[in-house]
Amino acid sequence: MSLRDNFDTRPKVSEAGAVVSSGRFPKWLHRPLPVLRPLSETHGVINSNRVHTVCEEAKCPNLLECYSKKTATFLVMGKECTRNCGFCDIDFAKEPKALDGNEPERVAESAYELGLRHVVITMVARDDLPDGGAKHLVEVLQAVRKRLPAITVETLTSDFAGNFSALDLIIEEAPEIFNHNIETVRRITPQIRHKATYDRSLSLLSYVKKQKSKQLVKSGIMIGLGETKEEVTQTLQDLAEAQCDIVTIGQYLQASRKKLTVKEFIHPDVFLEYEQIGKSLGIPNLYAGPFVRSSYNSHLFVEKNNEKIVINSH
Ligand code: SF4
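Residues numbered from 1 in each chain as written. Predicted model: local features only at pLDDT ≥ 70, side-chain atom pairs only at ≥ 80, totals over all residues.

Caption draft 1: Up close: unusual backbone geometry. In this structure, M77 takes a positive phi of about 75 degrees despite not being glycine. One non-glycine residue, A174, lies in positive phi territory at about 50 degrees. Inspection of the secondary structure puts A174 in the loop between α6 (164-173) and β9 (177-179). The class for A174 is partly exposed, based on 19 C-beta atoms found within 10 Å. (Helix = DSSP H or I, 4+ residues; strand = E, 2+ residues; numbered from the N terminus. Buried ≥ 20, exposed ≤ 12 C-beta atoms within 10 Å, placed from the backbone.)

Right, dumping it as structure tokens:
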């Protein structure tokens, strides 16, 4: 079968007759229609509490699926980012709005109303703030734990511009999972994340693990941006050496015209291959697939590994 055979240019029609794909993507990137009722309930919770989600702001391709399962990843500290990474569609602002002191409670209330047992909280990069927003993130985490004492929390952070004292605030609060995405391989990092560095991300991940060996550390990359197999393998090796417990690999998709174009749609078999390679290099939990995202189904890991997770006393 040639690569062309994997692309079906005809519109896809569901059993109900609705068009579910324009045929712009290869077959393995076509999705079923979501269940509408929980989807609109999730929207209702997000809107009524005036919180932001990375699902919406970054135009995640899993939005309909995740919202219809009543899950979402909260985006805190506003919806404007001080960086302008080539892959990410979140709005850019040199000077974003001031932090909202009521946001922690609103995020906590939203997590409560959605009935979450595991919550992923991510942030825009706030290079305009001396601590990169670390204190505010801690306040969100504390508010969520106060509202939902049995919840597990995953923080998906920026690199705090290399400010490890800011990072210490998060480590002290001990989210059940600390997540920071290295995003791509070393060579193309400057084009993908021009204000970050590959080595800074690696040192941040290993620093967290060194401070608390039982802290679960997670990272992730996107593929399809022009990287080679050797480079992906090297990145997996680097993440294994940084002692990451969990790694995700997903297909990069262009969220809007102003963002980097997709260089290649990676076949699902290649994802499986990377999963095997990562595991053989010593990464204990590796999730790879076209629609895998850093926060995609992250509650499933927590449910399956309950006994391994240090539930922090809060
Ligand atoms: S994968 Fe993550 S960011 Fe995407 S919709 Fe699901 S929860 Fe949101």
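Caption draft 2: Structural view of the packing of α6 against helix α8 (residues 198-211). At a closest axis distance of 11 Å, the pairing of α6 and α8 adopts a crossing angle of 50 degrees. Classified by the angle between their axes, α6 and α8 sit oblique to one another. Crossing of α6 against α8: the hand is right-handed. On the side of α6, the interface is formed by F164, L167 and I171, while α8 contributes L204, Y207, V208 and Q211. Residue composition of the contact of α6 with α8, by class: 6 nonpolar, 1 polar and no charged. (Axes fitted to C-alpha atoms, helices over the stretch in contact; angles between N-to-C directions. Parallel < 35°, antiparallel > 145°, perpendicular 65-115°, else oblique. Left-handed = near helix turned anticlockwise from the far one by under 90°. Contact = placed C-beta atoms within 7 Å. Nonpolar A, V, L, I, M, F, W, Y, C, P; charged D, E, K, R; others polar.)

Caption draft 3: Quick look at the site of the ligand. Every residue lining the ligand is accounted for by V54, C55, C60, N62, L63, C66, T71, A72, T73, R293, S295 and Y296. Taken together, the elements giving at least two residues each to the shell around the ligand come down to α2 (54-57) and α3 (63-68). (Near = placed C-beta within 6 Å.)

Caption draft 4: Broad picture of the sheet that holds strand β12 (residues 285-288). Pairing within the open sheet is mixed, and its 8 strands lie in the order β3-β4-β7-β8-β9-β10-β11-β12. Two strands close off the open sheet at either side, each with one partner strand: β3 (52-53) and β12. Bridging between strand β10 (residues 216-223) and strand β11 (residues 246-251) involves 6 bridges; their strand directions are parallel. Within β11, the residue paired with M222 across the bridge is G250. (Pairing = 2+ DSSP bridges.)

Caption draft 5: Highlighting the packing of helix α1 (residues 36-48) against helix α4 (residues 103-114). At a minimum axis separation of 9 Å, α1 and α4 run at an interaxial angle of 160 degrees. When the axis of α1 is compared with that of α4, the two are roughly antiparallel. The element α1 and its partner α4 pack so that their crossing is right-handed. From α1, T42, V45 and I46 reach across to α4, where they touch S110, E113 and L114. When the residues that make up the contact of α1 with α4 are grouped by side-chain class, the tally is 3 nonpolar, 2 polar and 1 charged.

Caption draft 6: Structural view of the environment of Q254. On the secondary structure map, Q254 appears in the loop between β11 and α10 (268-280). Counting along the chain gives 195 residues from Q254 to K59, while the straight-line C-alpha distance between them is 9.4 Å.

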